[in-house]
Each structure stands twice: as structure tokens, then as C-alpha cells.
Amino acid sequence: MYDQLQAVEDRYEELGELLSDPEVISDTKRFMELSKEEAGTRETVETYRRYKAVIEGIAETEELLSEKLDDELQEMAKEELSDFKKEKEELEETIKILLLPKDPNDDKNIIMEIRGAAGGDEAALFAGDLFEMYQAYATAQGWKFEVMDANITDIGGYKEVTIMIQGDSVFSKLKYESGAHRVQRVPSTESQGRVHTSTATVVVLPEAEEVELELEDKDIRVDIYHASGAGGQHVNKTASAVRLTHLPTGIAVAMQDERSQLKNRDKAMKVLRARVFDQMLQENQSEYDANRKSAVGTGDRSERIRTYNYPQNRVTDHRIGLTIQKLDQILAGKLDEIVDALVMYDQTAQLDKLNG
């Protein structure tokens, strides 16, 4: 483990030198890649350096204790040694987590798709609530939240909505959101006050860069048509809606949110690339198991992952047995408690697997 840490520190120092090299600075793409690599290893290096300082502190304090000291100094040295040893144990646990195999998609932006599922209008309204929850969370994280396409129902809410979320390590925090979300509440249309159960599905796809997945023009069928608006409103008189179909996989993406055909095509291509990339990951079972299938089940899209119970102001994540009596806060975008618990659960399971 310590050879691995030393190699990380050596590379970190090398990156520092490279980033001050005028030749690297003038190459924007390489400079950005190296800056990202440096930022990604900084916490590991800082923790390792602190660990080495603590080991040195333990050795010096033990040497001091071997000498003849008066009672007061002896007591102080023992207390200091105890503190050092406690910190050493804590740092070792932190280092184990920092050295866990990293999901190669963790630093990526995401494309999120939310759809109303079972429950008709109520499911669409719940999909709208989830949309607002993720929007508030993204804003709190300082991320960019952009609606790419939306199918809004007559009473509000979404039959489906596609969003791009851009920022630091978006996928690492939201990858656990894929699955079926269930709501239990009294719908506004329910006159008897009965609690109904509805569901909405969430799919989180890591954004695929062109360098990772190049889709060839000959493999894509492009259909252009007139956009249709809800209730006949805002119908574009020019043919601006775009449907892209990836012929080898049959995956199709339609986009009509923008009035510009070029903008719709660009958005559709981003979603198409993400969906094809995601399918490739899932088909390559060994890579899928190693990189995406986690202890909390980020792979199975039909899995019921969470229940939002309005009468009891309760949210339950079924994968890790977590129940929180703060539904109102969760829906307001305060997702940190759930996200942190999912990350911790996954890391602990990985550590147990390594140690087992």
C-alpha cells in the first residue's frame, strides 16, 4: 500500500513541475488534463504526507519516553503518543478509502432522464417533484442544470424530462439515483383522502465525450420534422425537431425543445452518445461489474430504490435500509445525508470485499 502511495506522491510532484512548463501551459487541452489529474490526487497526497508526519511523531515521542523524564513531561509525552496513534488509525482508514478502485465515470457530467411511470397524472406530478428536488440539489452544489427536452402534462408535471447536469464530480454523487422512485400520498384529485402509490423512474447516464465514443455518420439516421407543442401552443412553423437513430443499436433520441434545428441536433447527439456509451458499458459484463455495479445497485433500472411517504414525512432508501423523517427537506434538495450514506455504504462494502 505504501509503495502505491509513494508512487502517487511522486506523480503529484511531477505534475506540479509539468504544470509550470511553458510548453504545457501553451497546450490548453493537455494543461486541463494534467490539472484535473493533479486535483484528483491532491487529497491522497496530503493525507499520505500527514500520515508520514504522524509516523515520525510516534517514533520521536517513543524515543523521548525511553529517556528519563520528570513525571509531568512523561505524562505529556504519553498523551501525545496516544493522540498520534489514534490519528494514525484514522488516517489508515482514510487512505484505504482513497486507494479504492475509482469508477472511471465519477468525474463526468451526467444526463438525467426522469419519467412518470405507474400512476397516470399523479406519477407525472411526482416526476415534477423529483425534477425540482434535483434542480435544488444541483444549485446548492454549484452545478449547471439545463433542461434538454421536456414533455409536460396538461396539469403540470412531466411525462418525461431530460436534463444535463454539469459540474465537479456530478456522476459520483448522483449515480445512485437510477431506479424506480415510489411516492405515497393523497393526490389533489382524491376526494376521499385516500393515500395512493405512484412511481417515477430516474436514469443517470455519464456524459460520453467524443474522444471516448465516436459515432460515425453512416451509423446514424437523421429525421427532421415539425415540433409539436402542448395543446397546440408554441408549435414551430419550421422543421426544427430532430430524431437521431443509431442503426447498430436501434437507440433513438428525439429533441424538439429548441427552435433551432442545429441546437436540437446537438442536444440529441449528446443524449444519443450517452445512451450508446451506457449500453456498451452494460454489455461488457466484466467492465460493468468492475466499474458500475456497486453494492447499492446502480445498474438495475427497474429496481425500486426509494419511497417518499408524505403522511409520515418519511423517506426510505430500500437498498441500505436508511429511513429519514425529513421528506420536506429532501424534496427541497437537501440530499447530502442520503448521498453521503450511499457513498459510505458502497465504500464500506468495497473495503469488506478487499479485506474478505
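Here goes a summary of the coordinates provided. (Residues numbered from 1 in each chain as written. Predicted model: local features only at pLDDT ≥ 70, side-chain atom pairs only at ≥ 80, totals over all residues. Heavy atoms only, no water.)

Considering the sheet that holds strand E2 (residues 144–152)
- The sheet built from eight strands is open, its strands ordered E2-E3-E1-E5-E4-E9-E10-E11 with mixed pairing. Strand pairing shows two members of the sheet lacking a second neighbour, E2 and strand E11 (322–324), which therefore form its edges. Here the strands of the sheet are splayed against their neighbours by 15° on average, with no regard to which way each runs.
- Where strand E4 (residues 179–185) meets strand E5 (residues 196–206), seven bridges bridge the pair, whose relative direction is antiparallel. Within E5, the residue paired with Gly 179 across the bridge is Val 202.
- Against the sheet, helix H5 (residues 120–141) makes contact with strand E1 (110–116), E2, strand E3 (158–166), E4, E5 and strand E9 (304–309), and its axis sits at roughly 45° relative to E5, the strand it touches most. (Pairing = 2+ DSSP bridges. Helix = DSSP H or I, 4+ residues; strand = E, 2+ residues; numbered from the N terminus. Axes fitted to C-alpha atoms, helices over the stretch in contact; angles between N-to-C directions. Contact = heavy atoms within 4.5 Å.)

Some thoughts on the pattern of salt bridges
- Throughout the structure, instances matching the rule amount to 21 salt bridges.
- With a closest N to O distance of 2.8 Å, Glu 9 and Arg 49 form a salt bridge. Highlighted residues: Glu 9 in helix H1 (residues 2–18) and Arg 49 in helix H3 (residues 28–65), separated in sequence by 40 residues.
- On the basis of relative accessible area, Glu 9 is assigned to the buried category, the value being 5%.
- Residue Glu 160 pairs with Arg 115 through a salt bridge whose shortest N-O separation is 3.5 Å. Here Arg 115 lies in strand E1 and Glu 160 lies in strand E3, a separation of 45 residues in the sequence.
- Overall, Glu 160 belongs to the partly exposed group, its relative accessible area being 34%.
- The exposure class assigned to Arg 115 is partly exposed, which follows from its relative accessible area of 26%.
- Counted as one network, the salt bridges with shared partners bring together Glu 9, Glu 13, Arg 49 and Lys 52. (Salt bridge = Lys/Arg side-chain N within 4 Å of Asp/Glu carboxyl O. Buried < 20%, exposed > 50% of the residue type's maximum accessible area, 1.4 Å probe, protein only.)

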